[in-house]
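Now for the letters of each chain:
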Amino acid sequence: MQTLNSKMSPNSIDGSPFDDFGFNYLWRLHGLGKYVPAFSGMCVIKNGFAKYCRAGGFNGVESRIIETLRGIEESLAIPEGSLRAEIIGLTTGTFDETLSSEQFFHKGNKPFRLAGLFRDLKAKGQKPVGGHSEFFNMPEKMAKAKFANAQRKACQKIGLDTVQWKRKTGIHGCPLPLENPEEIGYAL
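Described below are features of the structure shown in this document.

Between side chains of opposite charge, a pair can form when the charged atoms approach closely. Summed over the entire model, instances satisfying the criterion amount to seven salt bridges. R28 serves as the salt-bridge partner of E140, at 3.0 Å between the closest nitrogen and oxygen. Taken together, the residues span a long stretch of sequence, with E140 in helix 5 (residues 140-150) and R28 in strand 2 (residues 22-30) at a distance of 112 residues. With its nearest N and O atoms 3.9 Å apart, the salt bridge here joins E97 to K153. Taken together, the residues E97 in helix 3 (residues 95-108) and K153 in helix 6 (residues 153-169) connect sequence positions 56 residues apart. Given a relative accessible area of 31%, E97 falls into the partly exposed group. The class of K153 is exposed, set by a relative accessible area of 60%.

What follows is the structure, encoded as structure tokens:
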């Protein structure tokens, strides 16, 4: 699979940031334990959602991962370009389909979450990295199996309940297409 770092630029992709088309993706973070001993020996996995195409015609997954790597390096005071992300799972679909799979995965794997470490270990004056609640410590094989399971229609139906609840209550992370054309991913 593809490996990225924070110094890279995302590839171009055909599409529009206004399309109802997204990715549910799974990636493994490499190198964090070298800089932050609390993460040493962990298999740090992130499950996320991205628009298929970001502003400027860039690949949504690559854009989000590169942004996240930059955010981790900044938040934890790690030298730029030191961390790597290996994409280990990827699906496409409508916003509802991909967000539903993502939310099903998140809700079913709370015991594996690393959000507290990302909040507690941030460098002085820094915020936790965006999406810090979407990181998990679990074996890669297990993460891939749980990711595949989350793509099943029955699991998406359960995940959609969470998506709709978050949208209704105004909780961040479950956008609608064109929900906020001023946000970074839409700006042309």
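Once the structure has been displayed, the description carries forward.
Looking now at the packing of aromatic side chains. Inspection of every chain in the model, using the stated rule, returns five aromatic pairs. Ring geometry for F21 and Y52: centres 4.8 Å apart, planes at 55 degrees, overall tilted. With F21 in the loop between strand 1 (3-5) and strand 2 and Y52 in the loop between strand 3 (44-51) and strand 4 (53-54), this pair connects stretches of sequence that are 31 residues apart. On the basis of relative accessible area, Y52 is assigned to the partly exposed category, the value being 21%. Between F105 and F136 the ring centres are 5.2 Å apart and the planes differ by 85 degrees, which places this aromatic pair in the edge-to-face class. Of this pair, F105 sits in helix 3 while F136 sits in strand 7 (residues 135-137); the two residues are 31 residues apart in sequence, bridging distant segments of the chain. Each member of the pair, F105 together with F136, is buried. By the ring-pair criterion, three or more aromatic residues cluster together here, those being F21, F23 and Y52. Above the ring of F135, the side-chain terminus of K46 is found at 5.8 Å from the ring centroid.

Cut-off values and rules
Residues numbered from 1 in each chain as written. Predicted model: local features only at pLDDT ≥ 70, side-chain atom pairs only at ≥ 80, totals over all residues. Heavy atoms only, no water. Salt bridge = Lys/Arg side-chain N within 4 Å of Asp/Glu carboxyl O. Helix = DSSP H or I, 4+ residues; strand = E, 2+ residues; numbered from the N terminus. Buried < 20%, exposed > 50% of the residue type's maximum accessible area, 1.4 Å probe, protein only. Phe/Tyr/Trp six-rings, centres within 6.5 Å; stacked < 30°, edge-to-face > 60°. Lys NZ or Arg CZ within 6 Å of the ring centre and 35° of its normal.

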